[in-house]
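Given next are the chains, with one letter for each unit.
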Amino acid sequence: GGGGEALDSALDSALDSALDSALGAPPERAMSLRAAFFARAERVPLGAAAGRTCAELLAPYPPGSPLVAPGEVLTRAHLAALKACADSAGGAVVGAEDASLETV
């Protein structure tokens, strides 16, 4: 049916837009990768994660390139792109302990 293709196209467009926004500037680094790896971490709801330091290597798939690494500060744009990818048909966020992305 034609309706499914139109929805897939709209979702792809939304994902592309979200990824473009998130890739606009390099993430702010709050601590080194090594320090982040050994730091105490806690899970927080996705909606409360903006401004927090990431503890995971988060790579939206496709394309599969890391968007945020441990020690980098999560932005609203990062979170929107990750959620758009997780919600898209065939999309996933590699490296996320919580595959649903309810928490990061």
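Residues numbered from 1 in each chain as written. Predicted model: local features only at pLDDT ≥ 70, side-chain atom pairs only at ≥ 80, totals over all residues. Heavy atoms only, no water.

(A) Main features of the overall build of the chain. Counting its regular elements, the chain contains three helices and two strands. Helices and strands appear in the chain in the N-to-C order α-α-β-α-β. Counting over 104 residues, the chain shows a buried share of 32%. Accessible surface, the chain: about 6,100 Å² in total, of which carbon and sulfur atoms supply 56%. (Helix = DSSP H or I, 4+ residues; strand = E, 2+ residues; numbered from the N terminus. Buried < 20%, exposed > 50% of the residue type's maximum accessible area, 1.4 Å probe, protein only. Areas by Shrake-Rupley, 256 points an atom, 1.4 Å probe, with all protein chains shown as cover.)

(B) The arrangement of the confidence of the model for the chain in detail. Mean pLDDT over the chain: 84, with 77% of residues reaching 70 or higher. The least confident element of the chain is helix H1 (residues 2-22), whose mean pLDDT is 59; the most confident is helix H2 (residues 33-38), at 94. (pLDDT = per-residue confidence, 0-100.)

(C) Examining helix H3 (residues 76-87) more closely. Taking 1.5 Å as the rise per residue, H3 with 12 residues should run 16 Å; its terminal C-alpha atoms sit 16 Å apart, in good agreement. Taken residue by residue, H3 has His 78, Leu 79, Ala 81, Leu 82 and Cys 85 as its buried positions. Buried residues of H3, viewed axially, fall in a sector of 165 degrees; they line one side. (Expected span 1.5 Å × (residues − 1). Arc of directions from axis to C-beta.)

(D) Layout of the pattern of salt bridges. Overall, the coordinates contain five salt bridges when judged by the stated rule. Note that Glu 56 is salt-bridged to Arg 43, the shortest N-O span being 3.7 Å. With a gap of 13 residues between them, Glu 56 in the loop between H2 and strand E1 (59-61) and Arg 43 in the loop between H2 and E1 connect regions that are remote in the sequence. According to the relative accessible area criterion, Glu 56 is buried, its value standing at 10%. By relative accessible area, which is 36% here, Arg 43 ends up partly exposed. As a salt-bridge pair, Lys 83 and Asp 87 come within 3.4 Å of each other at their nearest N and O atoms. Pair noted here: Lys 83 and Asp 87 are both in helix H3, with a separation of four residues, about one helical turn. For Asp 87, a relative accessible area of 49% gives the class partly exposed. The structure contains a network of salt bridges with shared partners spanning Arg 43, Glu 56 and Glu 97. (Salt bridge = Lys/Arg side-chain N within 4 Å of Asp/Glu carboxyl O.)

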